[in-house]
Amino acid sequence: MTKKILVIDDDPTTVKYLVSVLKNNGFETCEAYDGVEAMEVLQREKPDLITLDLEMPEEWGTRFYRKLRKQGGELKDTPVLIISAMPSRHLSVRDVVGYLSKPFDPGEVIDIINQNT
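A quick note: this is a predicted structure, and the numbers were derived from the prediction, not measured.

**A look at the packing of aromatic side chains**
Consideration 1: Scanning the entire structure with this criterion turns up 1 aromatic pair.
Consideration 2: On the basis of an interplanar angle of 40 degrees and a centroid distance of 5.8 Å, the ring pair of Tyr 17 and Phe 104 is categorised as tilted. With Tyr 17 in helix α1 (residues 12-24) and Phe 104 in the loop between β5 (98-101) and α4 (106-116), this residue pair connects regions lying 87 residues apart in the sequence.
Consideration 3: For Tyr 17, a relative accessible area of 40% corresponds to the partly exposed category.
Consideration 4: Exposure remark for Phe 104: the relative accessible area of 16% places this residue in the buried category.

**Some thoughts on helix α3 (residues 61-70)**
Consideration 1: Along α3, the positions that sit buried rather than exposed are Gly 61, Thr 62, Phe 64, Tyr 65 and Leu 68. The buried residues of α3 occupy one face: seen down the axis, they fall within an arc of 160 degrees.
Consideration 2: On its buried side, α3 packs onto β1 (4-8), α2 (35-45), β3 (49-52) and β4 (80-84).

**What about the packing of α1 against α4?**
In a pair of packed helices, the angle between the axes and the distance between the axes together describe the arrangement.
Consideration 1: Where α1 contacts α4, the axes come no closer than 10 Å and their chain directions differ by 60 degrees. Judged by the angle between their axes, α1 and α4 are oblique. Crossing of α1 over α4 shows right-handed handedness. In contact with Tyr 17, Leu 18, Val 21 and Leu 22 of α1, α4 contributes Pro 106, Val 109, Ile 110 and Ile 113.
Consideration 2: Split by residue class, the contact of α1 with α4 holds 8 nonpolar, no polar and no charged.

**Comments concerning the side chain of Thr 51**
Consideration 1: With respect to the secondary-structure elements, Thr 51 resides in strand β3.
Consideration 2: For Thr 51, the contacting residues outside a window of four places in its chain are Ile 5, Leu 6, Val 7, Ile 8, Leu 18, Leu 81 and Ile 83.

**Some words on the nonpolar core**
Consideration 1: One finds Leu 6, Ile 8, Leu 42, Ile 50, Leu 52, Phe 64 and Val 80 to be the most contacted residues of the largest nonpolar core, which totals 21 residues.
Consideration 2: Those elements that provide at least two residues to this core are β1, β2 (28-32), α2, β3, α3 and β4.
Consideration 3: For this core, the leading source of residues is α2, giving 4 residues.

**Some points on the pattern of salt bridges**
Consideration 1: This model, assessed by the stated rule, comprises 7 salt bridges.
Consideration 2: The residue Lys 67 makes a salt bridge to Glu 59 at a minimum N-O spacing of 3.1 Å.
Consideration 3: According to the relative accessible area criterion, Lys 67 is partly exposed, its value standing at 36%.
Consideration 4: With a relative accessible area of 3%, Glu 59 lands in the buried category.

Conventions used here
- For every chain, the first residue of its written sequence is number 1, and the numbers climb from 1 along that sequence.
- A pLDDT threshold of at least 70 governs which residues receive local features in this predicted model, and a stricter bar of 80 or more applies before side-chain atom pairs are shown or counted, although totals over entire chains, interfaces and linings include all residues.
- The side-chain values count all of the structure's non-hydrogen atoms but skip hydrogen atoms and water molecules.
- Any pair of Phe, Tyr and Trp rings, taking the six-membered ring for Trp, is counted once the centres come within 6.5 Å. Such a pair is stacked with planes under 30 degrees apart, edge-to-face with planes over 60 apart, and tilted for the rest.
- By definition, any uninterrupted DSSP run of H or I lasting at least four residues is a helix, any uninterrupted run of E lasting at least two residues is a strand, and each is numbered from the N terminus.
- Only protein chains enter the accessibility calculation, which uses a 1.4 Å probe; a residue whose area is less than 20% of its type maximum is buried, one above 50% is exposed, and one in between is partly exposed.
- It is the directions from the helix axis to the C-beta atoms that the arc portrays.
- When checking whether two residues touch, look at their non-hydrogen atoms; a contact exists if any pair is within 4.5 Å.
- Note on definitions: angles span 0 to 180 degrees between N-to-C directions of axes, and those axes are lines fitted to C-alpha atoms, for helices only across the stretch in contact.
- Angles below 35 degrees are treated as roughly parallel, those above 145 as roughly antiparallel, those between 65 and 115 as roughly perpendicular, and all remaining angles as oblique.
- Helix crossings fall into two classes, left-handed where the near helix is turned counterclockwise from the far one by less than a right angle and right-handed where it is turned clockwise.
- For this classification, Asp, Glu, Lys and Arg are treated as charged, while Ala, Val, Leu, Ile, Met, Phe, Trp, Tyr, Cys and Pro are nonpolar and the rest, including Gly, are polar.
- Only buried residues count toward a nonpolar core. Its members are Ala, Val, Leu, Ile, Met, Phe, Trp, Tyr and Cys residues joined through side-chain atoms within 4.5 Å.
- Salt bridges, as used here, are contacts in which a Lys or Arg side-chain nitrogen is within 4 Å of a carboxyl oxygen on Asp or Glu.

Have a look at this one:
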């Protein structure tokens, strides 16, 4: 069964690149450009894993992450991979499957996703 990945980032170029890498590796994708939109997409698409940028307009990734973990139901345990240029990003959230700095190695993204879906 094909796994679905939700890509959350405010930079359209990053989203397009990640979506391309994921699709080329056999994943389905859905996307959101801020935390508010991401929560709507999450409920509708029910992804198997989320890639999450931390610095975004409207709602930062850290706030989205806290809301995700506090909600009830099956989606609260969706694995999250942080991909951010924010310094000290590893101090921003706990209990994620990985942290990658921008620019990132697409092979590392795929490896982490394969290990956690």
